[in-house]
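Residue-level structural notes
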Amino acid sequence: MLAKISCALAAASLLLTAFHSPLGEALAGERRPGQTLTDDKPKGIEHVIVIGVDGLSPDGIKMAETPNIDRMVASGAVKWNVRTVLTSASSQNWASMIMGAGPEQHGIINNDWELNKHTLPPITQEADGRFPTIFSILHRAKPQAEIGTVYHWGGFGRLFQKNAVNYDKHFSTEDSTAADFIQYVKTKKPVLGFVHFDHVDHAGHHDGHGSKLYYESVAKADSLIGQILAGLKDAGIAEKTLVILWADHGGIGKGHGGATPQEAEIAGVFYGAGVKKGYSIQQQVYTYDLASTIAFALGVEQPYAWIGRPVKPVFNGFGEPKNLWLGEKP
Ligand SMILES: [Zn+2]
Ligand SMILES: [Zn+2]
């Protein structure tokens, strides 16, 4: 009799699984995107701080006075030619950075994009109509996690789900952006903090990439980065924080948007908790890998719709991909 009952239960469970009912999914143990992972996660990371600098080129970092970024590179991991999405303009690249996917997936193809004005809908979307972002999937996985963003370009604010973040501020200068972000980090100690600076892009448009003013603007960004790193120390979370420096595009002459290495390659720098010291990343890195790497660092599963992959070799205990192929010399 007992055997018969358990047999019937097993059959019922199989039936439920086969019909793909919610109960069946629970029985089958399927995972939903945004669920937390328990294994295969880099160790010691409790906070992620992303510093995004609009229009910051690898050349800018190499040519300008950047002691803080230099220190991050020397004691962190770097990829000097992260490939942006095309065209190399701001909206589609900031979107790709936080959405783990490209314009073909999220539908943000240029700076004219608005939530209620675009031609290509996202291939899949959150209730607000936007493609899932690192903010929305982290919020779903860990509703208690503090998430905040402070940005110098108002356009960044239209790219993410407002109900996914606890803090959402726009400022008109790089100094006020940095000051507010540092104050936020000190008081709230966010699990994910994302700051955006716009002044380097302004300098590129005004005087040209490679100009004296451009390099001075990069040096200014570096000093603000130094203040943020000091702020993490003051907040007492520096040892547990992964810091990532990223950009949306570089530039050539007084603009960007084209398909040249100067415009479509940026530097990705990883520094702090869990990161190898003085490591040069071998694998190819794409701009949408940023969101995937944040999800990986925080132990959150990314949605299938994303095409980014975590940059795992950045982290202690993780190697370059087994199928890495670096091409052949002509
Ligand atoms: Zn930009
Ligand atoms: Zn620009």
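Everything here concerns the structure above.
Source: prediction; values computed, not measured. (Residues numbered from 1 in each chain as written. Chains lettered and ligands numbered in written order. Predicted model: local features only at pLDDT ≥ 70, side-chain atom pairs only at ≥ 80, totals over all residues.)

**Structural notes on the packing of helix H4 (residues 67–74) against helix H10 (residues 212–234)**
Selection rule: The axes are straight lines fitted to the C-alpha atoms, using for helices just the contacting stretch, and the angles between their N-to-C directions are given from 0 to 180°. Runs of H or I in DSSP of at least four residues are treated as helices and runs of E of at least two as strands, each being numbered from the N terminus. Geometric relationships in this document are graded by angle, where less than 35 degrees denotes roughly parallel, more than 145 denotes roughly antiparallel, 65 to 115 denotes roughly perpendicular, and other angles denote oblique. Placing a C-beta atom from the backbone of each residue, one calls two residues in contact when those atoms lie within 7 Å. Residues are grouped as follows: Ala, Val, Leu, Ile, Met, Phe, Trp, Tyr, Cys and Pro are nonpolar; Asp, Glu, Lys and Arg are charged; all remaining types, including Gly, are polar.
It is the contact of H4 with H10, at a shortest axis distance of 7 Å, that shows an interaxial angle of 60°. Regarding the angle of H4 to H10, the classification is oblique. Across from Pro67, Asn68 and Ile69 in H4, the residues of H10 making contact are Asp222, Ile225, Gly226 and Leu229. Considering only residue class, the contact of H4 with H10 consists of four nonpolar, two polar and one charged.

**Re the sheet that holds strand S3 (residues 147–151)**
We apply this condition: Two strands form a pair only when DSSP identifies at least two bridges running between them.
In space, the eight strands of this open sheet follow the order S4-S3-S5-S1-S6-S7-S2-S8, with mixed pairing throughout. Unpaired on one side and paired on the other, strand S4 (167–170) and strand S8 (279–280) mark the two borders of the sheet. Examined bridge by bridge, S3 and strand S5 (residues 192–197) share five bridges and lie parallel to one another. Of the residues in S5, the one forming a bridge with tyrosine 151 is histidine 196. Here H4 sits on the sheet and contacts strand S2 (77–83), strand S6 (241–246) and strand S7 (265–272); the angle it forms with S7, its principal contact strand, is near 70°. Along the sheet, helix H12 (residues 289–297) contacts strand S1 (47–53), S5 and S6; its crossing angle with S6, the most-contacted strand, is approximately 180°.

**Quick look at helix H8 (residues 174–188)**
Here is the rule we go by: How far a helix is expected to stretch is found by multiplying one less than its residue total by 1.5 Å. Residue burial is a threshold on neighbouring C-beta atoms within 10 Å of the residue's own C-beta, all placed from the backbone, with 20 or more meaning buried, 12 or fewer meaning exposed, and counts in between meaning partly exposed. Think of the arc as the fan of directions from the helix axis to the C-beta atoms.
The end-to-end C-alpha distance of H8, which contains 15 residues, comes to 21 Å, matching closely the 21 Å that a straight helix rising 1.5 Å per residue would cover. Those residues of H8 not exposed but buried are Glu174, Thr177, Ala178, Phe181, Ile182, Tyr184 and Val185. Mapping the buried residues of H8 onto a view down its axis gives an arc of 160°, with all of them on the same face. Relative to its buried face, H8 has exposed residues pointing more than 90 degrees away, namely Gln183 and Thr187. Two residues or fewer after H8 comes lysine 189, characterised by a positive phi angle close to 45°.

**Points about the environment of glycine 226**
If you trace the backbone, glycine 226 turns up in helix H10. Looking at glycine 226, the number of C-beta atoms within 10 Å reads 17, which means it is partly exposed. For the pair glycine 226 and threonine 66, spaced 160 residues apart in sequence, the C-alpha to C-alpha distance is 9.5 Å.

**A short note on the nonpolar core**
Selection rule: Residues enter a nonpolar core if they are buried, belong to Ala, Val, Leu, Ile, Met, Phe, Trp, Tyr or Cys, and are joined to the set through C-beta atoms within 7 Å.
Core analysis: the biggest nonpolar cluster contains 86 residues, and Val48, Ile98 and Ala291 have the highest contact counts within it. At eight residues, H10 tops the list of elements feeding residues into this core. The contacts of valine 48, once residues within four sequence positions are left out, are Leu192, Leu242, Ile244, Ile294, Ala297 and Leu298.

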